[in-house]
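The lines below spell out each chain.
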Amino acid sequence: MIKIGYYPGCSLEGTSSDYGMSVRRMAEGLGWELRELEDWNCCGASAAHQTNRLLALSLPARVLALAEEQGVTELLAPCAACSSRLISTNKTLSENPETAKEINEIIEMNYKGTVKVLNVIQALQKHAMPEIERKVRRKLTGLKVACYYGCLLVRQPKVLKFDDPEEPKSMEQIVAALGAEAVDWPLKTDCCGAGLSMSVTEAVVDLTHKILENAKFHGAQVVAVACPMCHSNLDMRQLDVNRRYGAQNLPILFLTQLVGLALGIPEKDLGLKKHFVKATSVVK
Amino acid sequence: MSRIGVFVCHCGENIGRTVDCAKVAQAAAKFPGVVHAVDYKYMCSDPGQNLIKQAIREKKLTGVVVAACSPRMHEPTFRRAAAEAGLNPFLCEMANIREHVSWVHEDRAAATAKAIDHTRIMVEKARHDEPLFPVKVPVTKTALVIGGGIAGIQAALDIANGAQKVILVEKEPSIGGHMAQLSETFPTLDCSQCILTPRMVEVAAHPNIKLHTFSEIEESKGYIGNFEVKIRKKARSVDLKKCTGCGLCMEKCPVKNIKSEFECGLGARTAIYRPFPQAVPNKPVIDREHCLKFQKGTCGVCAKVCPVAAINYDDTDEIVTEKIGAIVLATGYRVMGTDLYGEYGYGKYPDVIDGLQFERLASASGPTDGNIVRPSDGKVPKKVVFLKCIGSRDNAHGITYCSKICCMYVAKHAMLYKHKVHDGQAYVFYMDIRAGGKNYDEFVRRAIEEDGAMYYRGRVSRIYEHGGKLIVKGVDTLSGLNVQIDADLVVLATAMQAQEGIEKLAQKLNVSYDEYNFFTEAHPKLRPVEANTAGIFLAGACQAPKDIPEAVAQAGGAAAKVLGLFSSDELEREPIIARVNENTCVACWYCYNVCPYGAIEKKEIKDKQGRTVRWVAHVNESVCAGCGLCNAICPSKSVELDGFDDGQSYAEIGALSE
């Protein structure tokens, strides 16, 4: 049994509860024991680091310190924004002892820096590859998947030190292990406009359309994501895109849902019914 | 009784800014044995040197300490001055209060105290100095030039035309280097082959030049004037003496689909091949990795068709040893691989190529006979996008330097393209245009104004294929607008890098190289063609990115240095040499094993009857480099190093504890 600490963050408990469901079910299927942190708090993504540096560091630092206290050495943070904030904070604290001291005083804890944060792809690479091929019950043969990384999963390169920030390949390797075909497409790291979703929706519709159209052009039947913001933009905004540019009907799936399906977990347990664009047409 | 003079230099403000030089001189005046101490703004200048000479004569000095810069910089200057005043030059010492003090400290009081300490140490050393006399060694008047590109060719010809012998070693089967691959050259657009190939022929025909192609440096030992270099002549499998270069073997070779290195993968070659038709020597070599005879034991067609029986499948590597007086390094450069830039799709899209590949497309002797066409479908591209600074000046990818030649060759490419495809449009994405050089900026202006190349100041974020076109997404930072071009061909101006594995050669020759593996010059301004190992010189892009005129100029400079060195029959070398006390030596051979120069010999001590009594270590003076390893390792303290003996070292340490 592989024991991993689990930090769902707010998205996986709310707007992206399907991501949360699928992470848990996938973990079960892979034989991981996910231990959700007790008393976790918001990582402060976007709001905090736009306004106050100390707050931006203190919120993730408290999460990391809790994990350390609760005996966690590896912490899974499936949300791309959460993992980005946690990894970034880890780096800042380890490189600046003065700052670490200041933050520890603020959170009234003593974080030593022993927790390693993983996003979903990293966790799968480390604890499921390559033997996942043997655990696949329902091979996704013939399914053409466009792996979409968006901005945060592979950036900032010096902080994350994970995959090629301009031409990543790690999600493709996992998708291929499930028996599906990862299509070669150029817009996998383009921005979906997440930050502007509420304020300049027009721009988001335009960006989303480009991504969806390009994925389809290269033969994708579904788009795989590993970020709640990417998912909501590509899935929820598709109605607006359809209205302006014509129908796309491209289902957007979390990577965890694809893995779950391949492991033979029922669709309803993976939250597939919660999507705006139904995946049932392609995933049977 | 010692009579030491101390001379403290301000080095303008270099030392004076941080060190109170007058105070150092005052303190030095009180050191035991010091009879004279002064400070001066520029001790290395003529009036400064006169201060030293005058004091030696008037105060009858027995030793001199100059507290100034590193001895690497001016020790020869001050020793010469001392000698001119009649003092043995090895009684002149330097205390380094610039590199070791003023440049690395800020606190004036502490720096001054440290400068005083350094001076005290060297005064103690000078008090224990003994006069030494230079050792004369003969000079082998043969130069070794490593690398047969334009820089190596130029250096070899210049030395050979100066009536000295040259051995030219090239690792490829032919000399010519990258210049042989180029189409036309900036800023005059003369044909590269037309100006290069006659020089290649001249090299081959020159009575003073011995050429070793398909060869590499195996080992080097010795020192200036007296190197001994082992050269590995790789098995060519073709007897150069018998072969007439008729080419029948290449015609009949059944393995025809190997990507040609010379054509940068855009053309094919056979397994027995010469890199290009104008190769020197114009004789083939067998590529054993692809040859059926070597891989499967079959075929053997080349041997059957050769009319002069020149094919030798049993050929083996041969090591030749050459005695050399001076070495010129001209190993050139390589073009950076493009795997750092996955977003540009090099390797994935056949119509994304690098600058050297474009040269082959544009070259009359290239795989397309000079027609600029797309590698994918052979169609003439109507829109070509050139991307500059691919790798260069990119901190994120670890290459911070400017490759220097790309601004010029991209302008040339844009021009050549327009001259061949009149209805075509060239686009160039640049960071800055760096066209310093005679007629260089004018050349770039011509590309823009007369040949209509469209220059955008900005970077490209991504290139991908869409509907048979390469979509280039970039930004024009001058207008602030995004630019998208549906191109037919994309050319990446990738960075110029040092040759792969060049650090191994550097270690064999004991020359230093920088963090990018470019060889380091002895002084960036005043000794730009010398390596910091005596007797080794630098030419061309192995030192830093350079274009042809610069590489040729530096090669000429290196050749002049070699000819200067060869102008006398003997060289004076420093008498810093180890000596063995034969009475105490116990022949443990620690020194023999540790000496990097092979200078320790085993010597027999015989009695009157000629019987061997015992063995002792002996130093070969002409080979010893004075590194001191034997001195340090000797367990019975039987080895001393002249100029750095144990008494002096203890005196120096003792001075610090006062």
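Residues numbered from 1 in each chain as written. Chains lettered and ligands numbered in written order. Predicted model: local features only at pLDDT ≥ 70, side-chain atom pairs only at ≥ 80, totals over all residues.

### What to know about the domain arrangement of chain A
Residue and element names in this part refer to chain A.
Part 1 of the reasoning: Taken as a whole, chain A is organised into domain 1 (2–120) and domain 2 (138–274).
Part 2 of the reasoning: Using only C-alpha atoms to locate each centre, domain 1 and domain 2 end up separated by 23 Å.
Part 3 of the reasoning: Contacts between domain 1 and domain 2 engage 23 residues on the former and 24 residues on the latter.
Part 4 of the reasoning: A per-element tally of the side of domain 1 that touches domain 2 places helix α2 (residues 17–30) first, with nine residues.
Part 5 of the reasoning: When its residues are assigned to classes, the side of domain 1 that touches domain 2 shows ten nonpolar, ten polar and three charged. (Domains from an automatic or database assignment. Contact = placed C-beta atoms within 7 Å. Helix = DSSP H or I, 4+ residues; strand = E, 2+ residues; numbered from the N terminus. Nonpolar A, V, L, I, M, F, W, Y, C, P; charged D, E, K, R; others polar.)

### So, the sheet that holds strand β21 (residues 383–390) of chain B
All names here are of chain B.
Part 1 of the reasoning: With respect to topology, five strands assemble into an open sheet ordered β20-β27-β21-β22-β23, the strand pairing being parallel. Every other strand in the sheet has two partners, leaving β20 (352–354) and β23 (454–457) as the edge strands with one partner each. Across the sheet, the mean angle from the axis of one strand to that of its neighbour is 20°, orientation sign disregarded.
Part 2 of the reasoning: Sheet analysis places strand β22 (residues 425–430) next to β23, joined by four bridges and oriented parallel. Pairing of Phe 429 across the sheet is with Tyr 456, part of β23. (Pairing = 2+ DSSP bridges. Axes fitted to C-alpha atoms, helices over the stretch in contact; angles between N-to-C directions.)

### Side note on helix α5 (residues 108–127) of chain B
Part 1 of the reasoning: Helix length check: α5 of chain B, at 20 residues, gives a terminal C-alpha distance of 28 Å against a target of 28 Å (1.5 Å per residue), a fit within 8%.
Part 2 of the reasoning: Of all 20 residues in α5 of chain B, 14 are buried; the element is thus mostly enclosed. (Expected span 1.5 Å × (residues − 1). Buried ≥ 20, exposed ≤ 12 C-beta atoms within 10 Å, placed from the backbone.)

### Observations regarding the pairing of strand β25 (residues 469–476) of chain B
Residue and element names in this part refer to chain B.
Part 1 of the reasoning: Pairing analysis gives six bridges linking strand β24 (residues 460–466) to β25, with the strands arranged antiparallel. Of the residues in β25, the one forming a bridge with Ile 463 is Val 472.
Part 2 of the reasoning: Where β24 folds back on β25, the antiparallel hairpin that results is connected by two residues, among which Gly 467 adopts a positive phi of roughly 60°.
Part 3 of the reasoning: Where β25 meets strand β26 (residues 481–487), seven bridges bridge the pair, whose relative direction is antiparallel. Bridging from a neighbouring strand, Gly 474 pairs with Val 483 of β26.
Part 4 of the reasoning: What sits between β25 and β26 in their antiparallel hairpin is a turn of four residues, with Gly 480 showing a positive phi close to 75°.

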